[in-house]
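The lines below spell out each chain.
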Amino acid sequence: MPNVRHKITLKALLIKKLIAACIFLFWNVPSFAQSTADSSIGNNAFVSWAHKHAYPLQASDKATDDKDLYPIKQMIGDARVVALGEPAHGFHEPLAFRNRLFKFLVQHCGFTTIAIEGDLAQSRLAADYIAGGRGTAKDAAAALSIGEPAAENIELLNWMRQYNADSAHTIKLRFYGMDIQMIGFPGGTTPNHAALDHVLTYLQNVDEGAARRANVELAFYLTQMSVAKYPALSLKDQNVLTIILENILALLERQRMVFINRSSKDAYQWAHRNAIAALQRDRMMRVIPPDQPGKIPPNAWKAMNARDAAMADNINWILHNGANGGKVLVFAHNAHVKNAPTTGGVWDAFAQPPNSAGEYLRSILGNNFFIIGSSIAPETTTLQANSLDKALLQVNRPRYILDLRAAAPSPEVAHWLSLNRPMQANKVSFFMLPVSTAFDALLFLDKDDGK
């Protein structure tokens, strides 16, 4: 992906998150250095240890074989879900490595599914495309993007389609978004409700009477489902909408066997999940606080919690219902996959540290969940004095991965990793985290635009 395009879209992404869900990206709020870690203790020990224990990686665009990825197979062991974090959205190197890693995991580790930080309902276009459906990979990727879709996403979808078309591959690959739809973006005024639309279409096919009643009950609300209009609903209207959505979900569950007989198990499960996704979005929208120009609303942590809890729930569903019996690679921002609450930098404006999807998944999956955090070409102008990124940079290797669990026999290094220290986020801020709790492994890439 060209860096110019990234620079154009990154600010739009940041604005989107602030307006739509107060999620995790903020553009105009200054960052202030802070750390509970003593910068004079352990840095040299960690850098020395990391230099010895780093597994070097080939550049993703120039790799000639998979030999350098086999240590990752040993690291993840039998974990059924592997999460790969990215430090910022849209950069080429993390996306290219994601593609290379997923291909390796499919071919050597029993993985069948990838779930990315995109809307679950709108990922259906990509799922249908890789299954041999109509359209193009670019159109499918565009449904999950703001602006021009990333070339790496298009490449991934084309590879998955070719893989599935090979009759020798009896177990087919699956693609999902795991996120809540950001309704009404861009612009904040155009209603958009893909999950609910899918449910209503399904009801039309299996129960016309129920579909007609649901459309009548939702007629007013379907025009209000945008970033700008949703918060303006009265509490009474919000309560009514929630009841309608809950009743639709209850109908699907009550009529499960009838509806499966009238459609198929797969069609039912997808409609049922979309009904849940519509409720997830409703729950998040209800706790988004009023905008405070120039400030981060202290109660925005509630919306972040709602979103990350929904992500974790969707990933758990994908693993047990949508992964075709295999394992799942999750690809999302470090802020979502880490097993630690979000604190530090701009996030200290919150009244309470929000929890991440990684925390929820760790509590659900335990050792079946393996987390790889990543750092890429950190910005030296915003690099914190005792940051994780600075230490990784000092290892002086272009690309590598570390198994953090291997530090246990080295008390000084283990202590260094246990302390709260800064990690750069989006190249404009940072969050604080206890490294060895937040991640099982760390990926370092030396470029943010490798083409």
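This text follows the structure it describes.
Residues numbered from 1 in each chain as written. Predicted model: local features only at pLDDT ≥ 70, side-chain atom pairs only at ≥ 80, totals over all residues. Heavy atoms only, no water.

**Describing helix H12 (residues 265-286)**
(1) Moving on: For H12, built from 22 residues, the straight-helix expectation of 32 Å at 1.5 Å per residue is met to within 8% by its first-to-last C-alpha distance of 32 Å.
(2) Moving on: Burial runs high along H12: 17 of the 22 residues are buried. (Helix = DSSP H or I, 4+ residues; strand = E, 2+ residues; numbered from the N terminus. Expected span 1.5 Å × (residues − 1). Buried < 20%, exposed > 50% of the residue type's maximum accessible area, 1.4 Å probe, protein only.)

**So, the pairing of strand E9 (residues 429-434)**
(1) Moving on: With six of six residues buried, E9 lies mostly within the body of the structure.
(2) Moving on: Of the two faces of E9, the one lined by Ser429, Phe431 and Leu433 and the one lined by Phe430, Met432 and Pro434 are each fully buried.

**A few points about the pattern of salt bridges**
(1) Moving on: Within this structure, the stated rule accounts for ten salt bridges.
(2) Moving on: For Asp68, the salt bridge goes to Arg100, with nearest N and O atoms at 2.6 Å. With Asp68 in the loop between strand E1 (55-56) and helix H3 (70-76) and Arg100 in helix H4 (residues 92-109), this residue pair connects regions lying 32 residues apart in the sequence. Considered together, Asp68 and Arg100 belong to a single accessibility category, that of buried residues.
(3) Moving on: The partner of Arg273 in a salt bridge is Asp313, and the shortest N-O contact between them spans 2.6 Å. Highlighted residues: Arg273 in helix H12 and Asp313 in helix H13 (residues 301-322), separated in sequence by 40 residues.
(4) Moving on: A relative accessible area of 5% means that Arg273 is categorised as buried.
(5) Moving on: For Asp313, a relative accessible area of 34% gives the class partly exposed. (Salt bridge = Lys/Arg side-chain N within 4 Å of Asp/Glu carboxyl O.)

**A word on unusual backbone geometry**
(1) Moving on: Residue Asn426 is not a glycine yet carries a positive backbone phi of 60°.
(2) Moving on: What makes Asn426 buried here is its relative accessible area of 4%.
(3) Moving on: For Lys427, which is not glycine, the phi dihedral falls at a positive 65°.
(4) Moving on: With respect to the secondary-structure elements, Lys427 resides in the loop between strand E8 (420-425) and E9.

**Considering the environment of Pro354**
(1) Moving on: Mapping Pro354 onto the fold places it in the loop between helix H14 (334-337) and helix H15 (357-365).
(2) Moving on: The class of Pro354 is buried, set by a relative accessible area of 0%.
(3) Moving on: In this structure, the C-alpha to C-alpha distance between Pro354 and Asp308, residues 46 residues apart in sequence, is 8.9 Å.
(4) Moving on: In contact with Pro354, other than residues within four places in its own chain, are Trp301, Met304, Asn305, Pro341, Thr342 and Glu359. (Contact = heavy atoms within 4.5 Å.)

**A short note on the pairing of strand E6 (residues 369-376)**
(1) Moving on: Of all eight residues in E6, eight are buried, a share of seventy percent or more.
(2) Moving on: Here strand E2 (residues 81-86) runs beside E6; their pairing, made up of four bridges, is parallel. Of the residues in E6, the one forming a bridge with Ala83 is Ile371.
(3) Moving on: In this sheet, strand E10 (residues 441-445) lies alongside E6 in parallel orientation, the contact comprising five bridges. If you follow Gly373 over to E10, its bridge partner there is Leu442. (Pairing = 2+ DSSP bridges.)

**Structural notes on the packing of aromatic side chains**
(1) Moving on: Scanning the model with the defined rule gives twelve aromatic pairs in all.
(2) Moving on: Centre to centre, the rings of Trp270 and Trp317 are 6.4 Å apart; their planes meet at 40°, and the pair counts as tilted. Of this pair, Trp270 sits in helix H12 while Trp317 sits in helix H13; the two residues are 47 residues apart in sequence, bridging distant segments of the chain.
(3) Moving on: By relative accessible area, which is 5% here, Trp270 ends up buried.
(4) Moving on: Trp317 gets classed as buried once you look at its relative accessible area, which sits at 11%.
(5) Moving on: Through a chain of ring-to-ring contacts, the aromatic side chains of Phe46, Trp49 and Trp416 assemble into a single cluster.
(6) Moving on: Its end group placed over the ring of Tyr129, Arg161 keeps NZ or CZ at 4.4 Å from the ring centre.
(7) Moving on: Just above the ring of Trp416 sits the side chain of Arg421; from NZ or CZ to the centre is 3.7 Å. (Phe/Tyr/Trp six-rings, centres within 6.5 Å; stacked < 30°, edge-to-face > 60°. Lys NZ or Arg CZ within 6 Å of the ring centre and 35° of its normal.)

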